[in-house]
Amino acid sequence: MDLGGAKLFKHMLDRNQQEVVVNRVRDVVAQVPLFHPVTASGRRMSVRMTSCGRLGWVSDRQGYRYETHHPNGTSWPKIPDEIQDVWKQVSDCDVVPDSCLLNFYGEGAKMGMHQDRDEGDFSFPVVSISLGDDALFRIGGTARGGKTQSAWLGSGDVLVLKGAARLAYHGIDRLRFRSSDLLKDHGRINLTLRVVR
Ligand code: SIN
Ligand code: FE2
């Protein structure tokens with residue numbers, strides 16, 4: 001499915017693969033716990049985050065950036081093989097991702113429209129994996145405030161932002177909380193693989 005130039009692979013991961021990835025995510029979170037990022041203006045984001053890979057995305061009162069360590073001082077764990085495999089299947093590039101952002105959406109969490117533009121080279125795609133509850137994803141163009149399209153992202157869906165869509169504004173408007181039984185306490189995990197360097 002083509003969504004404003006982004007490629008959406010519905011149901012790419014089957015239930016068993018989803019469960020394996022969730023277990024890997026649990027191992028990561030045990031080492032580098034989820035935290036609520038704060039924006040430079042002091043607003044607490046509703047999504048909780050952590051990362052794996054060489055670099056992880058953090059945001060606090062000093063602003064947002066990639067860091068080699070979790071705010072607690074631990075270096076980020078490596079990206080699990082099963083997650084790297086998804087990148088290999090859909091990224092259409094030989095380079096391996098050096099960052100995997102792990103977002104957790106609880107009831108009522110959402111993410112405002114933004115561009116992913118903290119990476120060094122926008123010719124590499126962004127690959128995003130959805131697990132758990134359905135989320136309403138919205139994508140527009142490369143300018144803020146333009147026309148947008150929406151699609152529900154379900155558990156096991158994989159979205160690739162590349163080409164013209166690589167710098168498209170996108171966000172999550174809302175969750176269909178409890179729509180999936182993948183996660184014991186419901187909610188949604190989103191994994192975003194990137195080449196940051
Ligand atoms: C993001 O843009 O960082 C997250 C998108 C998503 O949760 O699907
Ligand atoms: Fe994003």
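Looking at an unreviewed UniProt entry, the protein chain carries the name Alpha-ketoglutarate-dependent dioxygenase AlkB, with the source organism given as Aliiroseovarius salicola. Check the Cofactor (unreviewed entry) section of the UniProt entry for the protein chain; it says "Fe(2+)".

(A) Structural detail: the overall build of the protein chain. Within the protein chain, the regular secondary structure consists of 2 helices and 13 strands. The C-alpha atoms of the protein chain give a radius of gyration of 15 Å, which matches the 16 Å a tight globule of 197 residues would have. Expressed as a percentage of contacts within the protein chain between residues at least 6 apart in sequence, the contacts between residues at least 24 apart total 72%. Total accessible area on the protein chain is roughly 9,400 Å²; 48% of this is exposed by carbon and sulfur atoms. Charge centroids of the protein chain, computed over 27 positive and 23 negative side chains, lie 6 Å from each other.

(B) Quick look at the UniProt feature "domain: Fe2OG dioxygenase" (unreviewed entry) in the protein chain. Sequence positions flagged by UniProt for "domain: Fe2OG dioxygenase" (unreviewed entry) are, in local numbering, residues 96–197. End C-alpha to end C-alpha, residues 96–197 measures 10 Å, and it is 0% helix and 46% strand.

(C) View of the sheet that holds strand E7 (residues 111–114). Within the open sheet, the 4 strands sit side by side as E7-E12-E9-E10. Their pairing is antiparallel. Both outer strands of the open sheet, E7 and strand E10 (149–153), are each paired with one neighbouring strand and no more. Each strand axis lies, on average, 25° off the axis of its neighbour in the sheet, ignoring direction. As paired elements, strand E9 (residues 134–139) and E10 share 5 bridges and run antiparallel to each other. What sits directly across from Ala-135, in E10, is Leu-153.

(D) Layout of the environment of Leu-34. Structurally, the position occupied by Leu-34 is in the loop between helix H1 (15–31) and strand E3 (48–53). Through-space distance from the C-alpha of Leu-34 to that of Lys-88 is 26 Å; in sequence the pair is 54 residues apart.

(E) How the structure looks around the coordination of the iron ion (ligand 2). Donor atoms from the polypeptide that bind the iron ion (ligand 2) are His-114 (NE2), Asp-116 (OD) and His-170 (NE2), placed at 2.1 to 2.2 Å. Donor residues for the iron ion (ligand 2), ordered by position in the chain, follow H-x1-D-x53-H. Of the residues examined, Asp-116 reaches a relative accessible area of 6% and is grouped as buried.

(F) Focus on the nonpolar core. One finds Ile-83, Val-127, Ile-129, Leu-131, Ile-189, Leu-191 and Leu-193 to be the most contacted residues of the largest nonpolar core, which totals 31 residues. Elements supplying a minimum of two residues to this core: H1, helix H2 (81–90), strand E6 (99–105), strand E8 (126–132), strand E11 (158–161) and strand E13 (188–194). The residues contacting Ile-189, other than those within four sequence positions of it, are Val-25, Leu-102, Asn-103, Phe-104, Ile-129, Ser-130, Leu-131 and Leu-183. In this structure, Leu-3, Met-111, Leu-161 and Ala-168 belong to the second largest nonpolar core, which totals 26 residues.

(G) Region of the structure containing the site of ligand 1. Every residue near ligand 1 is listed here: Asn-103, Tyr-105, Met-111, His-114, Leu-153, His-170, Ile-172, Arg-188 and Asn-190. Arg-188 places a side-chain nitrogen or oxygen 2.8 Å from an oxygen atom of ligand 1. Protein contact buries 96% of the 260 Å² of open area that ligand 1 shows by itself. Where the shell around ligand 1 is concerned, the elements lending two or more residues are E6, E7, strand E12 (170–176) and E13.

(H) Examining the layout of surface pockets more closely. Taken as a whole, the largest pocket spans an internal volume of roughly 830 Å³. Looking at the largest pocket, it is lined by 38 residues, and the ones nearest its centre are Met-45, Trp-57, Met-111, Gly-112 and His-114. Taken together, the residues of the lining of the largest pocket sort by class into 17 nonpolar, 11 polar and 10 charged. Reported here for the second largest pocket is a volume of approximately 240 Å³. Forming the walls of the second largest pocket are Val-25, Arg-26, Val-29, Leu-34, Arg-48, Leu-102, Phe-104, Leu-183, Lys-184, Asp-185, His-186 and Ile-189. For the lining of the second largest pocket, the secondary-structure elements that each account for two or more residues are H1 and E6. At 3 residues, H1 tops the list of elements feeding residues into the lining of the second largest pocket. Residues that form the lining of the second largest pocket fall into these classes: 7 nonpolar, 1 polar and 4 charged.

Conventions we followed
- Residues numbered from 1 in each chain as written.
- Chains lettered and ligands numbered in written order.
- Predicted model: local features only at pLDDT ≥ 70, side-chain atom pairs only at ≥ 80, totals over all residues.
- Heavy atoms only, no water.
- UniProt positions renumbered as here; feature names shortened; annotations may be inferred.
- Helix = DSSP H or I, 4+ residues; strand = E, 2+ residues; numbered from the N terminus.
- Rg over C-alpha atoms; globule rule 2.2 N^0.38 Å.
- Contact = heavy atoms within 4.5 Å.
- Areas by Shrake-Rupley, 256 points an atom, 1.4 Å probe, with all protein chains shown as cover.
- Lys, Arg positive; Asp, Glu negative; His and termini not counted.
- Charge placed at Lys NZ, Arg CZ, Asp CG, Glu CD.
- Pairing = 2+ DSSP bridges.
- Axes fitted to C-alpha atoms, helices over the stretch in contact; angles between N-to-C directions.
- Donors = N, O, S within 2.8 Å, 3.2 Å for Na, K, Ca; no water.
- Buried < 20%, exposed > 50% of the residue type's maximum accessible area, 1.4 Å probe, protein only.
- Core = buried A, V, L, I, M, F, W, Y, C linked by side-chain atoms within 4.5 Å.
- Near = heavy atom within 4 Å.
- Polar contact = N/O pair within 3.5 Å; in protein donor to acceptor, adjacent residues only side chain to side chain.
- 1 Å grid on protein atoms, 1.4 Å probe; cavity = no way out; pocket = protein on both sides within 12 Å on 5 of 7 lines; lining within 4 Å.
- Points joined across faces, edges and corners; volume = space filled by probe spheres on them.
- Nonpolar A, V, L, I, M, F, W, Y, C, P; charged D, E, K, R; others polar.

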